[in-house]
Structure formats: C-alpha cells, structure tokens
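If you want the building blocks of each chain, they are given just below.
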Amino acid sequence: MRAQVVALNDRLKDLLGYDSDPIAVNGAGTWRVDGVAGLLRLNEQVELEVVPKFLDPDDSNWRADFFLLAVLVRTGHLLVSDQIAAGVEDRGDLATLVARSLLHMHSENQRRPIRGYKRVSQTDFSFDGDVDWDTLLLPEPDGFRLQRLELIRRNPHNAVLRGAVDALVPEVGEGDTRVQLQRLARRLGDQALPTRLTKRLPQRHRSWEQAYSLSQLVLEGMGLDLDGGTWTGPGFVLSTWSAWEALCEAVVRRANPGSRTIGQHPFPLGERGDGTPVVAKPDIAVLKDGGTRFLLDAKYKTRRGRKPSISSTDLYEGLAFMRAAQTDHIVLIYPSLDSVEDLALGVWKHFDEVRVDGLRVQAAQVQVRGLAQRGGFDRLVEGARQALEAASAATS
C-alpha cells in the first residue's frame, strides 16, 4: 500500500503541478492529505474519499457540493445545481453525479446534434456537388465523378462526448443512470477514440460547450487511459486552495454586477535595485470609476483549534495589497468550519479586524456547505452582496 501511495502522489503532482507529496502516511498508519480533495484512486479496487475541510463528510450532499465546485474550477462553468443534486441521497458517488449532469446537458441539446463536415467522393449522373470536369467529356460507367460536403455525426467533438459516456458506464453504480448512459452511447454512434489534443467547438455548436467541457474533464480525471481503456488514476480531484479562490471570485463577481471584478490583478508596489518593478496581486479586486472599491483575498488555511484571528503573515500581505492598490480596505475570506445549524449558507461571519494608520484588514468566514441545494449559489451571492455593501458603508 505504501508503494501505491507513492505512485498516487506522483500522479497527483503531475496532474496538479505540485512539488511536494499531497498524501503522507506515517509509521503508525495515520494518513494526512494536504492541498487536494475528491475521489482518489489508490488502485483498481480501493478509492479514497477526501472531503474538503469546509464541507461536512457526515452529510451525503458534500459530494454534490464538491462536484459543483470541481466543474466551476476546471471548466469555468457553474452548472444548474438543482439538476446535479437530484437524488444524491440515493446514490451519492461522484461518477453518478457527473453522469446525471451529462445526461441532462445532452437532453437539452439533442435537437441540435454536433455534426462535422466531410468531403465525400462519388460517381453519379446527377449534379450535386463539385464536378470533376474531365469526366464531363468522358464520364465513367457509373456517372460523373463528384465531390461534395456532407454533415456527419462521426467527428472529433462527438468522439469526446462518446468517450466520456464510455468512461462513465463502468463507474456508475446506479442502474437507471447506467442504462441511460448506454442508450446515449448508442445515440452518439460509433466514434473514433478521442485524442488528447483539445479541439475547440465551432461557434455554431456553442450550446454544447458545457457538455463538451465536462466530457473533457471526465476523460482527464476519471482515471481511464484514452489509448487502452485501462485504469491509470488518479481519480476526480482538484486543488483545494485554488478551488476556494475560484469560488470566492465567482461569487464576488456575481455580487457586484455594476463593478469590474478581476482576479490576480497586478498593482505596482515598488521596484528592485535594478529597476525591475515589483507588483502585488490580490486574489480579487473590485474596480469602479477608475479606482479600487475594495480588495478581497481568499485564505484557505483556517485557524482550526486556535483563537480566530488574523495571522501576522496575512496582515502584512493585506497591508502590501492595499498600499499597491491605493485603497484602505481589504477583506480576508476564510471557509467556515461551522455547521449549517450554527451558520447558515451564504452568511459572512466577521471574526477579527486590524486597523493600521487608517488601513483596515478585516477577516470573515463564509459558510458554503449546501452549495448544491436548490438556490444555493444564489444564496452565496446574496450573502456576499450584503456583506460587501455593509463593509463599503462602514468604510465610507
């Protein structure tokens, strides 16, 4: 098992670009996972469920919350949560959640199938296409040699969709969903093996973008080798800190429709001795009327087991961000570890504040458990809007 953990770490580091091992096992058999979450495959029979610390492992709906977050991070799309969470309590594995979402997207677009152009050569006595003019004088026994374009279902884009369906069928444990996937596979027809080179969808097929992105995500992360159809791992995973940052940015952007929200915007802070500029990049900058309304920085390391307070490192970094952006307010956003009974979904709970010469660093924890429930993302957005409006009013 230790050898398999080493191999799993190698695959995770290659997939996520990490330098250190995300999984550690000590001599006493204690496991520690840092920086990753999701469904990790140790081998063909053993899977590890690693729950992000801001979700509740005792709640079966954590998988729906995680999947919604994973799709947002990896594809940039936030799916309709009501469709994803349906029936999670019956069969809560991620493969089934992915499959149900993919089936829903296909049903929405089945009247507009993806078709590609193929140049076909044939002989006929009727003119329908580009004619080889030499055969006008000396036609072949079966007619004139013609070339024309035909719309066909067999193309690289449908190959990705079919490949994702084929990858999900053996993974899905829920019988009805598996049957629907098999029916969808027959509808997509025979396709070539999908290639590792990503092909962009034509503009005329933009309605398929979410289904296509999700299918690519399945092929990249569900642990199947595109060449041989064999297990390779590592599973359905994401980087926890980048996922938290992406979620915060998406929520703040939706909460401020009248402002310009930018992630990792470079602000000039100073310069080195050789004249090279030094820039500061806060996670989220909300800009309006040529200035900075306020800054936000997503912090994933919570103060579990300690007095809730802003660490010295976070304080110094926040002061540098404010100086570079020429603003006097920054909010540090931490994921809440409270239960939904103690802190409702979307609520911001401020737990510390530091003032330095008119500059204000404020810390808040945000409840995201229940993200995939009906209207969950809208509640997150509304909570952010109210919290940021209150913070702006206090600053002014």
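The structure this text deals with has already been given above.
Residues numbered from 1 in each chain as written. Predicted model: local features only at pLDDT ≥ 70, side-chain atom pairs only at ≥ 80, totals over all residues. Heavy atoms only, no water.

For the protein, the count of helices and strands is 11 helices and 16 strands. When each of the 396 residues of the protein is scored for burial, the buried share is 47%. Carbon and sulfur atoms provide 48% of the accessible area of the protein, an area that totals close to 20,500 Å². (Helix = DSSP H or I, 4+ residues; strand = E, 2+ residues; numbered from the N terminus. Buried < 20%, exposed > 50% of the residue type's maximum accessible area, 1.4 Å probe, protein only. Areas by Shrake-Rupley, 256 points an atom, 1.4 Å probe, with all protein chains shown as cover.)

Let us now look at the packing of aromatic side chains. Applying the stated criterion across every chain, the model contains 3 aromatic pairs. With a centroid separation of 5.4 Å and an interplanar angle of 65°, the aromatic rings of Y334 and F351 are classed as edge-to-face. With Y334 in strand β14 (residues 329-335) and F351 in strand β15 (residues 348-356), this pair connects stretches of sequence that are 17 residues apart. Exposure remark for Y334: the relative accessible area of 2% places this residue in the buried category. A network of ring pairs unites the aromatic residues F54, W244 and Y300 as a single cluster. Lying over the aromatic face of Y300, K53 brings its terminal NZ or CZ to 4.4 Å of the ring centre. (Phe/Tyr/Trp six-rings, centres within 6.5 Å; stacked < 30°, edge-to-face > 60°. Lys NZ or Arg CZ within 6 Å of the ring centre and 35° of its normal.)

All right, on to the nonpolar core then. If you look at the biggest cluster of nonpolar residues, it comprises 39 residues, and the most contacted ones within it are W244, L247, L296, W348 and L380. Those elements that provide at least two residues to this core are α2 (62-75), α9 (240-255), β12 (284-288), β13 (291-298), β14, β16 (359-366) and α11 (376-395). Ranked by residue count, the leading element in this core is α9, at 8 residues. Once residues lying within four places of it in the same chain are set aside, the contact partners of W348 are L296, V331, I333, A364, Q365, V366, G383, A384, A387 and L388. (Core = buried A, V, L, I, M, F, W, Y, C linked by side-chain atoms within 4.5 Å. Contact = heavy atoms within 4.5 Å.)

Attention now moves to a positive patch on the surface. A grouping of R115, R153, R183, R186 and R187 is seen on the molecular surface, where their side chains present a positively charged patch. Mapping R183 onto the fold places it in helix α7 (residues 175-188). (Patch = residues over 30% accessible without salt bridge, like charges linked within 9 Å, V, L, I, M, F, W, Y side chains within 5 Å. Salt bridge = Lys/Arg side-chain N within 4 Å of Asp/Glu carboxyl O. Lys, Arg positive; Asp, Glu negative; His and termini not counted. Charge placed at Lys NZ, Arg CZ, Asp CG, Glu CD.)

Let us look at the pattern of salt bridges. With the rule as written, the count across this model stands at 13 salt bridges. As a salt-bridge pair, R254 and D378 come within 3.7 Å of each other at their nearest N and O atoms. Taken together, the residues span a long stretch of sequence, with R254 in helix α9 and D378 in helix α11 at a distance of 124 residues. In this structure, the salt-bridge partner of R385 is E382, at a minimum N-O distance of 2.3 Å. Of this pair, R385 and E382 both sit in helix α11, separated by 3 residues, roughly a single helical turn. Assessed through its relative accessible area of 30%, E382 is described here as partly exposed. Look at the salt bridges and you will find they share partners, linking D297, K299, D314 and E317 into a network.

With that out of the way, let us pick up the packing of helix α6 (residues 156-168) against α7. Orientation of α6 relative to α7, taken along the N-to-C sense of each, is 155°, at an axis distance of 9 Å. Taken together, the axis directions place α6 and α7 in an arrangement best described as roughly antiparallel. Seen from above, α6 lies across α7 with left-handed handedness. Contact residues: α6 offers N158, L161, R162, V165, D166 and L168, while α7 offers L181, L184, A185 and L188. For the contact of α6 with α7, the per-class residue count stands at 7 nonpolar, 1 polar and 2 charged. (Axes fitted to C-alpha atoms, helices over the stretch in contact; angles between N-to-C directions. Parallel < 35°, antiparallel > 145°, perpendicular 65-115°, else oblique. Left-handed = near helix turned anticlockwise from the far one by under 90°. Nonpolar A, V, L, I, M, F, W, Y, C, P; charged D, E, K, R; others polar.)

For α6, which comprises 13 residues, the first-to-last C-alpha distance of 19 Å matches the rise-based estimate of 18 Å (1.5 Å per residue) to within 8%. Of all 13 residues making up α6, 10 are buried, and the element is well covered by its neighbours. Sitting at the amino-terminal end of α6 is N155, which places a side-chain oxygen 3.1 Å from the backbone nitrogen of H157. (Expected span 1.5 Å × (residues − 1). Polar contact = N/O pair within 3.5 Å; in protein donor to acceptor, adjacent residues only side chain to side chain.)

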